[in-house]
2 protein chains.
Amino acid sequence: MVVTIKDVARLAGVSVSSVSRTLASPESVRPGTRERVLRAAAEVGYSPNAAARALTTGRTYNVGLVVPDLANPFFPTVVKAIQSRAREFDYSVLLVDTDEDPSAEVELIRKLVKQVDGFLLCGPRAADEDLRSFIGETPVVTVNRRVGPIPSVICDHTDGVRQAVGHLAALGHRAIAYVGGPRASAVNRERARGLRSMCTSMGIELVDLGNAAPNFDGGAAAADLVLAAPVTAVLAYNDLQALGLVSRFKERGASVPEQISVVGFDDIPLAGQVSPRLTTIAQRGDLLGRAAVDLLLDLLQDRVGAGGPRRVMPTQLIVRGSTGPAAA
Amino acid sequence: MVVTIKDVARLAGVSVSSVSRTLASPESVRPGTRERVLRAAAEVGYSPNAAARALTTGRTYNVGLVVPDLANPFFPTVVKAIQSRAREFDYSVLLVDTDEDPSAEVELIRKLVKQVDGFLLCGPRAADEDLRSFIGETPVVTVNRRVGPIPSVICDHTDGVRQAVGHLAALGHRAIAYVGGPRASAVNRERARGLRSMCTSMGIELVDLGNAAPNFDGGAAAADLVLAAPVTAVLAYNDLQALGLVSRFKERGASVPEQISVVGFDDIPLAGQVSPRLTTIAQRGDLLGRAAVDLLLDLLQDRVGAGGPRRVMPTQLIVRGSTGPAAA
DNA sequence: TTGTAAGCGTTATCAC
DNA sequence: GTGATAACGCTTACAA
């Protein structure tokens, strides 16, 4: 049998209310009482039943963490940061992987809504209206996506694109291609949009190669399209694709970056090491995750976040070797 | 206000018990009742409060999932499989990342013990006795580690080592080095032990290079030791290290596999693609995860697993390009 | 087959 | 400061 608050109360010779109070706000009981309670609790190894507590307080001390695909190396960083930060505040993390499926995402959130105090939606793939339907029901913070008034933590992807295009333009590139990611990804849309406007304003020609799978194979598959296009550089939706591009380029005998420059996004852990010359636009998944937790907790405390309901994190261009010249 | 079972009962014109019964075992109520209840439930969008249910039944429908480091690319595969399989049975997954810290591991498990029906411990780093202290208190399944009588799902790492050494021996290698992983990792110990016995029995000289960080840098750092050792091949604790070794070898001008053969473990997602010639011993993280969930659920149902409390999954040598000859 | 009511472990609202 | 006691939402004997 497990030990309950009653056992502690009996052992300490006080009522259950005193035990509860001692644990909740030790200063509200007489020192003598406090001591006996704490001693008793320690002796029997008491720890409160979360379900019972949730039932009375309405707070579960759980957060729902939803990610599109944990196999995408960008997310583990975020998830780690979130779980670590949440633990600092005694929150547990309920993890859900939606496998990039928008409808599964909605359904899973629905199922979890009573089990958590709030949600952290990382790069949610569901439609705006579906996401909006949750707000009001339960606190939600989106990561890397803006949905109406929902509080969010996002990276400044547009600025990232600006840096990348600026860099390529400075090297002399006049025409670049973009290999897109999941259609449902808001980050992908933002990158594509930013890219269009940047290229327009800088007089650079942009070839949109459509959407590819957000992984190595997706990039590799798109490589032939890139070579067939009249471009000297290619931006990929993420580093996995970029690695796939580089790999396939090598197979095709196209040297990187001499003949074709490749730029990825995210700065995922292994990429820079296995491909020491890969240029990428870094986003700090750890900072995103941490900030997201802090924002959600602010929401739960009914205190508006110091910086308002939206936080924007910087992105940073990382040129490891050389992105290479178009040097026409 | 949220909708409770009472609301449904009122709307359906029945008692709360009828609602409860309908949801739990529809066949136990009269069809008419059932229909009204279900209709009412759907109308108000009722979903049971997990905390309340947990309080009465003693079952949380949560499993605690503990991993040493989600940034290690082997684990996302396992975690994905676990969360997906758990969901099939309406179980939620509480994720904990211990950052390779054995004492944090124990503490975190302790904190979660009341919130879950059981634990899935992936490659736990804690000491046997600490782990054993949980058994009895709560159902536990370990993945890739055997601890006394605790049910487990493991890969046959010893056989993997056998395959690897056999392969290297066939190629003519007579002396090989081993770059170890975390001291607290049981998998590392098993690999090292298997390696020693295999080498002994096959008359191959083994140089143990001690423990290195289980990542790219750890491998890279160990590369110089390898080159200084009188060996023609090196086994790394995992693929990340193997990639680091290959990278550093290249810097040092040692060609792989002509001058030195490299074999990794795990067959992590990106490795084979960025390093198309990497030889590795694959373990199927997805199968491990799935089997672990099934085993834990068997435990929770008080039915002994069909295959007993321990399941062993195969490992497989994967030679992508060529491991390369010692060909002395 | 259905309803009533006790009880799960905790917190919160009262009196005292 | 402290102790009864009523919730919280649900399941489950037990009665009917």
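What comes next concerns the included structure. Just so we're clear, the structure is a prediction, and the values are computed from it rather than from any experiment.

### Things to note about the protein's contact with DNA strand D
Thought 1: Around DNA strand D sit 23 residues, and of these A:Ser18, A:Arg21, A:Thr33, B:Ile5 and B:Tyr46 come closest.
Thought 2: Each atom of DNA strand D within 4 Å of the protein was classed as base or backbone; sugar and phosphate made up 62%.
Thought 3: At 2.9 Å from a base nitrogen of DNA strand D is found a side-chain nitrogen or oxygen belonging to A:Ser17.
Thought 4: For DNA strand D, a base nitrogen lies 3.3 Å from a polar atom in the backbone of B:Ala52.

### Remarks on the relation of the copies chain A and chain B
Thought 1: Rotating chain A by 180° about the axis while translating it 0.1 Å along that axis superimposes it on chain B, leaving an RMSD of 0.1 Å. Here the copies are linked by what is in effect a two-fold axis.
Thought 2: Looking at the interface residues of chain A, 97% of them are also at the interface in chain B, so both copies use one shared face.

### Details of unusual backbone geometry
All names here are of chain A.
Thought 1: A cis geometry characterises the amide bond from Val-256 onward to Pro-257, with omega recorded as 5°.
Thought 2: Mapped onto the secondary structure, Pro-257 falls in the loop between α11 (239–252) and β9 (261–266).
Thought 3: In this structure, Asp-90 is a non-glycine residue whose phi angle is positive, near 65°.
Thought 4: Structurally, the position occupied by Asp-90 is in the loop between α5 (74–88) and β2 (92–97).
Thought 5: By relative accessible area, which is 44% here, Asp-90 ends up partly exposed.

### What to know about the interface of chain A and chain B
Thought 1: Across the boundary between the two partners, chain A contributes 39 residues, which contact 38 residues of chain B.
Thought 2: Where chain A abuts chain B, roughly 3,500 Å² becomes buried across the two surfaces, and 63% of that area is made up of carbon and sulfur atoms.
Thought 3: Of all residues in chain A, the largest losses of buried area upon contact with chain B belong to A:Lys80, A:Lys114 and A:Leu270, amounting jointly to 19% of the total for that side.
Thought 4: Elements with a contribution of two residues or more to the side of chain A that touches chain B: α4 (50–57), α5, β2, α6 (102–112), α10 (216–228), α11 and α12 (271–274) of chain A.

### Thoughts on helix α13 (residues 285–300) of chain B
Residue and element names in this part refer to chain B.
Thought 1: An ideal rise of 1.5 Å per residue puts 22 Å on 16 residues; α13 measures up with 23 Å between its terminal C-alpha atoms.
Thought 2: Of all 16 residues in α13, 12 are buried, a share of seventy percent or more.
Thought 3: Listing the buried residues of α13 in full gives Gly-285, Leu-288, Gly-289, Ala-291, Ala-292, Val-293, Asp-294, Leu-295, Leu-296, Leu-297, Asp-298 and Leu-300.

### Re the side chain of A:His173
Residue and element names in this part refer to chain A.
Thought 1: Residue placement: His-173 occurs in the loop between α8 (157–171) and β6 (175–180).
Thought 2: Within the structure, His-173 has its side chain in polar contact with the side chain of Ser-261 (distance 3.2 Å).
Thought 3: Sequence-distant contacts of His-173, that is, excluding residues within four places in its chain, are made with Leu-168, Ile-204, Thr-232, Ala-233, Ser-261, Gly-324, Pro-325 and Ala-326.

Thresholds applied
Residues numbered from 1 in each chain as written. Chains lettered and ligands numbered in written order. Predicted model: local features only at pLDDT ≥ 70, side-chain atom pairs only at ≥ 80, totals over all residues. Heavy atoms only, no water. Near = heavy atom within 4 Å. Polar contact = N/O pair within 3.5 Å; in protein donor to acceptor, adjacent residues only side chain to side chain. Least-squares fit on C-alpha atoms with pLDDT ≥ 70 in both. Contact = heavy atoms within 4.5 Å. Helix = DSSP H or I, 4+ residues; strand = E, 2+ residues; numbered from the N terminus. Buried < 20%, exposed > 50% of the residue type's maximum accessible area, 1.4 Å probe, protein only. Buried area = accessible area lost by both parts, 1.4 Å probe. Expected span 1.5 Å × (residues − 1).

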